[in-house]
Structures are given as structure tokens and as C-alpha cells.
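Structural overview
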Amino acid sequence: MEKRKSTESRRKFLKVSLGAFLSGALTSCDLSRFKNPKTMVKSPIGPNVLRPPGAVPEEHFAQKCIRCGRCGEVCPYHCIKYFDVKTGGVFSGTPYVNVMEKPCYLCMKCVYVCPTGSLVPCAKEDVRMGVAVINRQICVTWQQQKTGLMCKTCFDVCPFAGVAIKIDHDFRPYIVEENCTGCGICAYSCIADTWYENKGKKAITIMPIKWKKIKEIKLEDIKKS
Amino acid sequence: MARKSFWKRITIWRYLFLFVCFVIVVGNPFTNYYGDINFIQGWFQSLGVGNLWVVSPLEGVESILTAKAFYMPSLVGMVVPVTLAFLMGRVFCSWMCPIEFLSMLTDKILGLVPKWGNKLKYRPDLIRLSKRLLWFALVTELLLTMIVGYPLFVWWSPPGLVGRETMFYVFYKHVTIELTIVVVVLLLNLLTRRMFCRYFCPLGALLALIGKWRQLVIRYDAGVCVGCKVCDSRCPMGIKPSVGESQSVYCWNCAECVDACPTNALNFTWRDKGVLKVPSPPVALGKKT
């Protein structure tokens, strides 16, 4: 009898602990998304929060990545960060670059250490982490009638200046989307947030895109996204 | 009880090896962050040493299962651990795993308690489950992984988390809530020695499965055994070498029983020694006694 009682309570304990573990794992996903298994889990990638260079499309990234953290360890600028279970759910442990905290300087060290092909080795100019989008209402040079400023910071810092960012006859910058790597240096160093009317908003945002190779990109796709 | 001299004990080398592995895994975020020395990167999900890289088998399999695509470098990375498991069984668990190092450390610290030291160190199991649970843990893990569509063990694997939390602490100066998994695993170890490793670890299950036909086994010599059952109490995996269980799948070659045995009835041996043994006639045995 005594023995039986003890096994019963043990079973209860095991059941409860298993249930707690499972529910903890499940609550990290958005329950409303269980309707469609394809979108069961929502990717935490969004504007200014991007995958490191050379990443495979986002729908495959978290499946391939084994969260070994080697990309973050070799990154000399320490700009690669990792989601945890609170911010990423099942994406916990996958790398991201938040360009507002620290942009990617395209040293291309991370792509050579990835063991699972989540980051595929590629040339600097073939990187497509995202695409820069200039908000012309906020950019101080585009609003030069109002601000009287002529800033070309984004043009100066861009690693592909003149190719990815060009300036027109009024020194107003515009993005050549086919060539933009999405490294985010321009967004990081944009000074529009110091202009008092912008209330801390930066003029450039890096929007994530779904494709990688330069040849596959069509301009309409970028405009759609 | 005659004990082996200090340096002849295999467990001493095991503790040293565990310590070295732990230092490598915990130390490499420091060298990467402060020294920018990238010679060693990662931890036991994927460890890169120079140009060699090693991918843990279960994590690699999960990534293949969910991505439904092969990637050659990750397959190549799995060759070394799988070969090791084929040769020596679960030696990763007993000789390298940082969780085993921490569990071993808690055991040693408990052993320092005066009076009850030995009783705490070799504590009897409070919760004893069926050993077969290990296989179901592996199957459940793979099933859940494929249902969710994202690899799961890659983020909750306790040995990986030891490395990841250290890296988070060094690089980003915070730890995440996943650290609780490590703490829970170490607390389970207090209830039953290596409870997680015995019953729930899918990686251990996979390695044990591969190591079923391992070459390095612990041989039990019934002729020399005096039946003191010291080995049974010492075994952290809760198996009984004294009844010949030492060659079962559940043994992880940690050599605790080898060192504890007072009569050397338990010894490491390679299964195939290249010599055909002719069974000795029973007459010779009869003469001896």
C-alpha cells in the first residue's frame, strides 16, 4: 500500500512537470497561428531587425540553424545578437543584427563558420540582408526647403557609395535597390533624429526582403514589400 | 579495500578530460570576445577548432529533418562524433558533456560533507523509472520537432545551453531564462544521480543507439568477482555491473565501476581483439579448485 502511494504521487509529479514543460514550450508560439501550420510561429524578423549576411530565406533559416553561436563569436564588431525564448519563441538562439544598435560592417567572417548552411558564403556585394528605405518626409536633405540642411551622411558611410546610394543634383540621397546590401550603416548613422521636428525618428529604415541573389530581385518586388 | 594508486585510476583522467572540455566550452567566449582569437568557436552543438568542425548528431539530424535538405559541411561535421560513438559508445556524455562535469562537481562537493559525505555522494535513487524511457525521449523529441517544424533540441539542449549562457553573459552581459533548464537538470541530479541523462536526454539516447555495437566495453569477469556490489552503488547510471549489465546499451563507459572494483573484476576491453579465443576445457577449471 505504502509503495503504491509513493508511485502514484511520483506519477503525478512527472505528469505535472511534463505538462509544465510542454505548456511552456507551446506558449512561446502564438496560439492563434495554429490554424495554419505554415504560419504557426511568427518570425521576429522585421524592420531594422535582420538576419546576418548570406542568410537563407527566413522561412528556412530557423529550420537549418542549429543555434551554435559561432557566427556571433567570430563577429569582430559583436553586432550579431541572439533571440531568447521570450523574444523569439522557437526562434530562440537564432542570430540577428539590429542595425539601430550596431550595423553589419560586411566583414563576411560569419558566413564561413556556419556549419549548417544557414549562412551561405557569398561575396560582399551579393549580400541582401534587407533593403534601405528613405523616408523623404523625415530626411533633412529632402526637406531642405524647411531645414536648410544639406547632409549626405548616408552617402558618405555607405560601403557601396555611388552604387547603392546615389545623390541627385540637390544632394538628396536615393537608394538603388538592386545594389543595396541592407547592411544598415546608413540607417545607424542617419542624423535626421537630431532634427527637433522628427522626434527621434531616423530617415532610413532597413526592410527585410525574402530573396538573396541579386539577379532574382525585381524592382516591383521591392516596391511591393 | 585496496584502492588503485592515484594516477592509475581511469576516473582521474575522466575528471581531467571533463574539466578540459568544460574550460574549452566556457572559456572560448572569453577568448573570442576579449582576445578576438577565433581559433575555437561555438560549443557542443557545433564546435569549430581551426578548420575542423564538429556538428552534434542529433542537432544535425534535426536540422536535416526540418529543412528537408542535406548540406554537405554539416554532414561532414557529424562524421567525427558518430564514429566516436560507434567505437566507444556514449563517451561524449561521460567524458565531455558540461552537464556531466557540473553533476560530477556537485557529487564531489556533496562528498565533502562530514559524516554523510559518502552517503550523499553515492546516494540511492529516489525516483527510478524504466530505462527504456530514454528511447521514447528520443522519439518524442524527433516527433515534436517535425510537428512544430523547427528543431527543438537545438535550443533546449542542456549541454548546449551551458555554452550559450556563458556566451550571452560574456557578449551581451545578461543571461536568458533558458538557464532554468540547466538548473532543473542539475536539481534532478540531486533526486536521482544523472536522472536527466538516464531517462530524458534525446542526444544521449541517439549516442547510446549508435553505440550499441561499440568496441570499447567494460568486461565483467565473474570468476574474479567477490560479490561486494560496490560497483552497483557507484554507477551513476543506475545499472548493475555485478550482474553483467556493464555491456548493455545503457552503460556510458565512465569507468566509475572499474575503479571501484577491489578485485579488478571489471575492466575496459576492446570487443574484437583480433584473437579467436578457444574456450578452455572444463577439466582445467575443475583441477584448479
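Values in this document were obtained by computation on a predicted structure and should not be read as measured data. (Residues numbered from 1 in each chain as written. Chains lettered and ligands numbered in written order. Predicted model: local features only at pLDDT ≥ 70, side-chain atom pairs only at ≥ 80, totals over all residues. Heavy atoms only, no water.)

Re the packing of helix 2 (residues 57-67) of chain B against helix 12 (residues 202-210) of chain B
Residue and element names in this part refer to chain B. Axis separation between helix 2 and helix 12 bottoms out at 9 Å; the angle between their running directions is 100 degrees. Between helix 2 and helix 12, the angle is such that the two are roughly perpendicular. Residues Pro57, Leu58 and Glu59 of helix 2 lie in contact with helix 12, whose contacting residues are Pro202, Leu203, Leu206 and Leu207. Taken together, the residues that form the contact of helix 2 with helix 12 break down as six nonpolar, no polar and one charged. (Axes fitted to C-alpha atoms, helices over the stretch in contact; angles between N-to-C directions. Helix = DSSP H or I, 4+ residues; strand = E, 2+ residues; numbered from the N terminus. Parallel < 35°, antiparallel > 145°, perpendicular 65-115°, else oblique. Contact = heavy atoms within 4.5 Å. Nonpolar A, V, L, I, M, F, W, Y, C, P; charged D, E, K, R; others polar.)

A look at the interface of chain B and chain A
Each partner contributes to the interface: chain B provides 45 residues, whereas chain A provides 41 residues. Across the chain B/chain A interface, buried area totals approximately 3,600 Å², and carbon plus sulfur atoms make up 65% of it. When the buried surface of chain B facing chain A is broken down by residue, Tyr71(B), Tyr150(B) and Trp155(B) rank first, second and third, together holding 19% of it. Counting across the chain B and chain A interface gives zero salt bridges. The interface formed by chain B and chain A contains 10 residue pairs in polar contact (both at pLDDT 80 or more). Examining the composition of the side of chain B that touches chain A, we find that five residues originate from one element, helix 9 (residues 158-172) of chain B, more than from any other. Split by residue class, the side of chain B that touches chain A holds 27 nonpolar, 13 polar and five charged. (Buried area = accessible area lost by both parts, 1.4 Å probe. Salt bridge = Lys/Arg side-chain N within 4 Å of Asp/Glu carboxyl O. Polar contact = N/O pair within 3.5 Å; in protein donor to acceptor, adjacent residues only side chain to side chain.)

So, helix 12 of chain B
All names here are of chain B. Among the nine residues in helix 12, eight count as buried, and that is most of the element. The set of residues buried in helix 12 consists of Pro202, Leu203, Gly204, Ala205, Leu206, Leu207, Ala208 and Ile210. Among the structural elements, helix 2, helix 3 (72-88), helix 4 (91-96), helix 7 (133-148), helix 8 (153-156) and helix 11 (195-200) are those in contact with the buried residues of helix 12. (Buried < 20%, exposed > 50% of the residue type's maximum accessible area, 1.4 Å probe, protein only.)

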